[in-house]
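# Architecture and fold: a report
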Amino acid sequence: MGRTFLDAATADLQLRRGGELVSGTARWLSSRMAAASRDRAAALLHPTELAHWQTLTVPRRATSYLLGRIAVKQAIAALGVTQPPASFEVASGVFRHPILSGLHADPPAISLTHCDAGALAVACDPGHVLGVDVEPLDPTRAHVFHSVTSLTERARLRADPNADRTANLLWSLKEALSKALRCGLTTPFEVLECTELQPEGPQRWTCHFTNFSQYRGTAWIAADHVVAVVIPKRTTLGLALDLALTVEPPAVADRSLTVTRSHHEANGTP
Ligand SMILES: CC(C)(COP(=O)(O)OP(=O)(O)OC[C@H]1O[C@@H](n2cnc3c(N)ncnc32)[C@H](O)[C@@H]1OP(=O)(O)O)[C@@H](O)C(=O)NCCC(=O)NCCS
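Quick look at the structure, then.

The rules behind each value
Residues numbered from 1 in each chain as written. Predicted model: local features only at pLDDT ≥ 70, side-chain atom pairs only at ≥ 80, totals over all residues. Helix = DSSP H or I, 4+ residues; strand = E, 2+ residues; numbered from the N terminus. Rg over C-alpha atoms; globule rule 2.2 N^0.38 Å. Buried ≥ 20, exposed ≤ 12 C-beta atoms within 10 Å, placed from the backbone. Contact = placed C-beta atoms within 7 Å. Core = buried A, V, L, I, M, F, W, Y, C linked by C-beta atoms within 7 Å. Pairing = 2+ DSSP bridges. Near = placed C-beta within 6 Å. Nonpolar A, V, L, I, M, F, W, Y, C, P; charged D, E, K, R; others polar. Axes fitted to C-alpha atoms, helices over the stretch in contact; angles between N-to-C directions.

### A short note on the overall build of the chain
When you go through the chain residue by residue, the secondary structure sums to seven helices and 17 strands. For the chain, the C-alpha radius of gyration of 18 Å lies close to 18 Å, the compact-globule estimate for 270 residues. Expressed as lengths along the three principal axes of its C-alpha atoms, the size of the chain is roughly 50 × 45 × 40 Å. By the burial criterion, 44% of the 270 residues in the chain qualify as buried. For the chain, long-range pairs separated by at least 24 residues make up 60% of all intrachain contacts whose partners lie at least 6 apart in sequence.

Dropping the structure here:
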């Protein structure tokens, strides 16, 4: 059996810029936490969020909304925000980007993604910018991933023995960039073109972007998914997120990483 996502995990992004630490965290909540999260929704969601969540009739969206909101709140709690989770809101901006409303302190920069497996939120110092994406590794959608590649990317893929997987990585990196930029995927994919995609380890890749040279993307393969994070190019990302979200069943997790992990965070407390 391959790796699976943990039920919940928090990883310090270990961001550095100009030698200085920049606060940043990632918080993963698996959909296995959905039932426990529903039980605690009233304590964790702001009244406006709770009212909106209760209007969501499509179970998949209700779960992604709930897990996403809780993941953001837990990510910013890990950054040191002590305000009770129900006292502030993860609202949606005009481009549907997530914004924090009702925080007494300067709101951290945040980005959010969800898939059937769960929700991942990243948060960092307000002076920074970041974008995140999680996508299943899905060979049945390979034609879609290939269809939005640029001419330059296609030339690279022709020489790639893992072209479908790489096209999946490129999609996710572009989606993460589109969130950092707040334009979403309404922007033509060619504009978001990736360059210099290269492996940095067995499961980790980095890239740059032709038209957004101030950003750098990092992507991982974890539990049959791609996880992509885009941050400013001159800010470095540490190694703690590598595999921090996953565990090899039934082996016990490697505790040496700078992460807190749990399979049974039954109370979902931030
Ligand atoms: C951004 C986008 C690529 C995300 O795709 P998705 O399939 O929903 O994928 P994910 O689950 O990875 O991400 C969802 C989260 O992205 C965030 N998001 C949505 N739009 C965003 C944007 N423009 N910028 C940054 N983040 C955005 C939200 O937090 C959202 O979660 P939420 O709805 O629970 O708050 C997609 O929504 C998109 O292309 N949006 C374009 C903007 C748009 O069409 N806006 C409509 C009104 S103007």
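### What about the nonpolar core?
By size, the foremost hydrophobic cluster in this structure holds 70 residues, and its most contacted members are W28, A71, A121, V122, L173 and V230. Once you skip the residues sitting within four places of it in the chain, W28 turns out to touch F5, L6, A8, A9, A71, G118, L120 and L245.

### Regarding the sheet that holds strand 3 (residues 15–17)
Sheet architecture is open: three strands sit in the order 4-3-15, paired in antiparallel fashion. Of all strands in the sheet, those bounded by a partner on one side alone are strand 4 (20–22) and strand 15 (235–236). Here two bridges tie strand 3 to strand 15, and the two strands are oriented antiparallel to one another. Paired with R16 across the bridge in strand 15 is T236.

### Notes on the environment of A26
Inspection of the secondary structure puts A26 in strand 5 (residues 24–30). Residues A26 and L241 lie 215 residues apart in sequence; the distance between their C-alpha atoms is 7.8 Å.

### Section: the site of the ligand
Within the structure, the ligand sits among 19 residues, and R96, H97, T113, G184 and L185 are positioned closest to it. Counting only elements with at least two residues in the shell around the ligand, the list comes to helix 4 (59–78), strand 8 (109–115) and helix 7 (163–181). Here the shell around the ligand is built from residues that sort into five nonpolar, nine polar and five charged.

### Description of the pairing of strand 9 (residues 118–124)
Along strand 9, seven of the seven residues are buried, which leaves the element largely enclosed by surrounding structure. Residues G118, L120, V122 and C124 line one face of strand 9 and the alternating positions A119, A121 and A123 line the opposite face, and both faces are buried. Note that strand 5 and strand 9 share seven bridges and pair antiparallel. Along strand 9, the bridge assignment pairs W28 with L120. Bridge count for strand 8 against strand 9 is seven bridges, and the pairing is antiparallel. In the sheet register, C115 faces strand 9, and the bridge partner there is G118. Hairpin remark: strand 8 followed by strand 9, antiparallel, with two residues in the connecting loop.

### Some remarks on the sheet that holds strand 14 (residues 225–232)
Strands sit in the order 10-14-13-12-11 across an open sheet of five strands; the sheet is antiparallel. Unpaired on one side and paired on the other, strand 10 (131–136) and strand 11 (194–201) mark the two borders of the sheet. Sheet twist, expressed as the average angle between the axes of neighbouring strands with direction ignored, equals 20°. Pairing geometry for strand 11 and strand 12 (residues 204–209), over five bridges, is antiparallel. The residue of strand 12 that forms the bridge with T195 is H208. Along the sheet face, helix 7 touches strand 10, strand 11, strand 12, strand 13 (215–222) and strand 14 and points at about 150° away from the line of strand 10.

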